[in-house]
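# Coordinate inspection notes
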Amino acid sequence: MDFQDDLIVIGAGSGGVRASRIAASLGAKVSVIEQAPLGGTCVNLGCVPKKLMVYAAHFAEEWRDAQHYGWDVQEPTHDWAKLIRRKDQEIARLNATYERMLVNAGVTILRGTARVVGPHEVQITHPDGAVSLRGGKHLLVAVGGKPKRPSFPGAEHVLVSDDLFRLPALPRRVGLIGGGYIGVEFLGIFQGLGAEVHLIHHDALPLRGFDQDVRAHLTDELRLNGAKLHLGRSVTRVDRLDDGVLEVTLDDGETLQLDALVAAIGRAPNTERLGLREQGVVLDERGGVVVNGHFRSTVPSIWAVGDVINRVALTPVALAEGMAVARRLFGGLETEMDYEHIPSAVFCNPNVGTVGITEAEARARFGAVDIYRSTFRPMKLTMTDRASKSLMKLIVDRASQRVVGVHVVHPDAGEIVQGFAVALRMGATKSMLDSTLGIHPTAAEELVTMRTPID
């Protein structure tokens, strides 16, 4: 068959853009279809704007701490509208950067919504209502996910994470349903900017799937910072009162009076209207595209990467998956994706950084393990009235002495863990960490100076 493109990419988020650029650099004729601003969730409604808002929220702490270091400054005020305006300007700059990168790589950008109508054919509905067809030897689905919405009575009054980047004003009292990445991160953002924040989570601790010590330590820190935690609880209904206030009823009968309630209960693959199932593509129970180890779906010409395949929903993972597909198809490289030792960070307050496996996973996998753990007050806070503590934890396979997990709760956890991720991928042992000189005085040196296992 004659195709207009060697590769048609549906979705210009992290994985789609990376696959497009790499494929084009390898000589493929590539088109990418996108209806929204370029960059996907990460750039527009996720990682980037969230981190900018985290920076804004931390200033309140910096101001309070500064007084203990001799600074005499008036109490600051925050302009929410200005923050959103500046955030939007930065995102627009990144959108333009993504467009420039794709165009310079020789990728054709097609605006509109896509629907797969054949193993090699995509129907595009353009913004002006026109409909066209595009044929490609290979199709790559990289449409990401979308926030889940709750189903209890009054759910129409509940916001999702996408809405938070467009709020016209900072709510005075905010409730967050869910204790995952989004829930605890926006808890810190809203609290740092001056709101009263309630976290409602069905589990006893936030951050399910993380190391138990990390979860417990972070819970203590959230309480110390003044968050109102409703753990082991769930929302049963929401009513909007005459004055616009939301009355939120919990499963034990307690009611909360809030100005905004946000559902941060996870994301689902955004495959509803793509027409994949009709073409024989098998989807999982959550709507994710089922792929093999090389990201090929059950239809040989259709591939998928990123959040839409329900593996690891992290931007760097989507980037690596997109690159692997492009190199396999057009570079002749049988690149295997390695999901072991993926580092990640949660930009809550304080930050969480982790790489490797949890203590529970290590005990199940190796049996005998050595645990090194330290909690301490960061040096920066010793001259302030803040009682916050940091947590550093190493998990070591006792038989091989290989370090299999590094877990950090600290304001700079993400920056600290990135370097240790390299060490774990290289098979670092505890003796290697012991023989590494620490940088003094830093928090990170704690990870190379812990000598006595607690278990």
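My aim in this report is to walk through the structure given alongside it, one point at a time.

About the criteria used
- Residues numbered from 1 in each chain as written.
- Predicted model: local features only at pLDDT ≥ 70, side-chain atom pairs only at ≥ 80, totals over all residues.
- Heavy atoms only, no water.
- Helix = DSSP H or I, 4+ residues; strand = E, 2+ residues; numbered from the N terminus.
- Rg over C-alpha atoms; globule rule 2.2 N^0.38 Å.
- Buried < 20%, exposed > 50% of the residue type's maximum accessible area, 1.4 Å probe, protein only.
- Contact = heavy atoms within 4.5 Å.
- Expected span 1.5 Å × (residues − 1).
- Core = buried A, V, L, I, M, F, W, Y, C linked by side-chain atoms within 4.5 Å.
- Pairing = 2+ DSSP bridges.
- Phe/Tyr/Trp six-rings, centres within 6.5 Å; stacked < 30°, edge-to-face > 60°.
- Axes fitted to C-alpha atoms, helices over the stretch in contact; angles between N-to-C directions.

## A word on the overall build of the chain
- For the chain, the helix and strand inventory stands at 11 helices and 22 strands.
- Scaling as 2.2 N^0.38, a compact globule of 455 residues should have a C-alpha radius of gyration of about 23 Å, and the chain matches this with 24 Å.
- Taking the principal axes of the C-alpha coordinates as reference, the chain spans close to 70 × 65 × 45 Å.
- Of all 455 residues assigned to the chain, the portion counted as buried reaches 50%.
- For the chain, the share of sequence-separated contacts (at least 6 apart) that also reach a separation of at least 24 residues comes to 61%.

## Observations regarding helix α4 (residues 80–105)
- For α4, with 26 residues, the first-to-last C-alpha span of 38 Å sits near the 38 Å given by 1.5 Å per residue.
- Buried residues of α4: W80, L83, I84, K87, I91, L94, N95, T97, Y98 and L102, and no others.
- Where α4 terminates, the next one or two residues include G106, which has phi positive at roughly 90 degrees.

## Let's talk about the environment of L258
- Of note, L258 is situated in strand β14 (residues 255–258).
- Since its relative accessible area comes to 0%, L258 is described here as buried.
- Along the chain, L258 and T271 lie 13 residues apart, while their C-alpha atoms are 33 Å from each other.
- In this structure, L258 is in contact with R173, V174, G175, H198, V245, L246 and V248, ignoring residues within four places of it in sequence.

## Things to note about the nonpolar core
- The biggest cluster of nonpolar side chains holds 50 residues, and the ones touching the most others in it are V30, V122, L140, L276, V289, F295 and I302.
- Sequence-distant contacts of L140, that is, excluding residues within four places in its chain, are made with L7, I8, V9, I10, A19, W303, A304, V305 and V325.
- Grouped together as the second largest cluster of nonpolar side chains are 34 residues, L164, I189, A195 and L229 included.

## Description of the side chain of S390
- Inspection of the secondary structure assignment puts S390 in strand β21 (residues 390–397).
- When neighbours within four sequence positions are excluded, S390 is seen to be in contact with H217, S374, T375, F376, P378, V409, H410 and P411.

## Remarks on the pairing of β21
- Of all 8 residues that make up β21, 8 are buried, and the element is covered over most of its length.
- Residue alternation in β21 divides its side chains into two sets, S390, M392, L394 and V396 and L391, K393, I395 and D397, and both sets are buried.
- Bridge analysis of strand β20 (residues 369–376) against β21 gives 8 bridges, and the strand direction is antiparallel. Across the sheet, the residue bridging to Y372 is L394, located in β21.
- Bridge analysis of β21 against strand β22 (residues 403–409) gives 6 bridges, and the strand direction is antiparallel.

## Examining the packing of aromatic side chains
- Tallied over the entire structure, the rule returns 4 aromatic pairs.
- Where Y181 meets F210, the ring centres are 5.7 Å apart and the plane angle is 65 degrees; that geometry is what we call edge-to-face. Note that Y181 is positioned in helix α6 (residues 181–192) and F210 in the loop between β10 (196–201) and α7 (212–224), a separation of 29 residues in sequence.
- For Y181, a relative accessible area of 31% puts it in the partly exposed group.

## Remarks on the sheet that holds strand β13 (residues 246–250)
- Spatial strand order, β12-β13-β14: 3 strands in an open sheet with antiparallel pairing. Each edge of the open sheet is held by one strand with a lone partner, namely β12 (235–240) and β14. Averaged over all neighbouring strand pairs, the angle between strand axes comes to 20 degrees, with direction disregarded.
- The pairing of β12 with β13 spans 5 bridges and is classified as antiparallel. Looking across to β13, one finds that V235 is bridged to L250.

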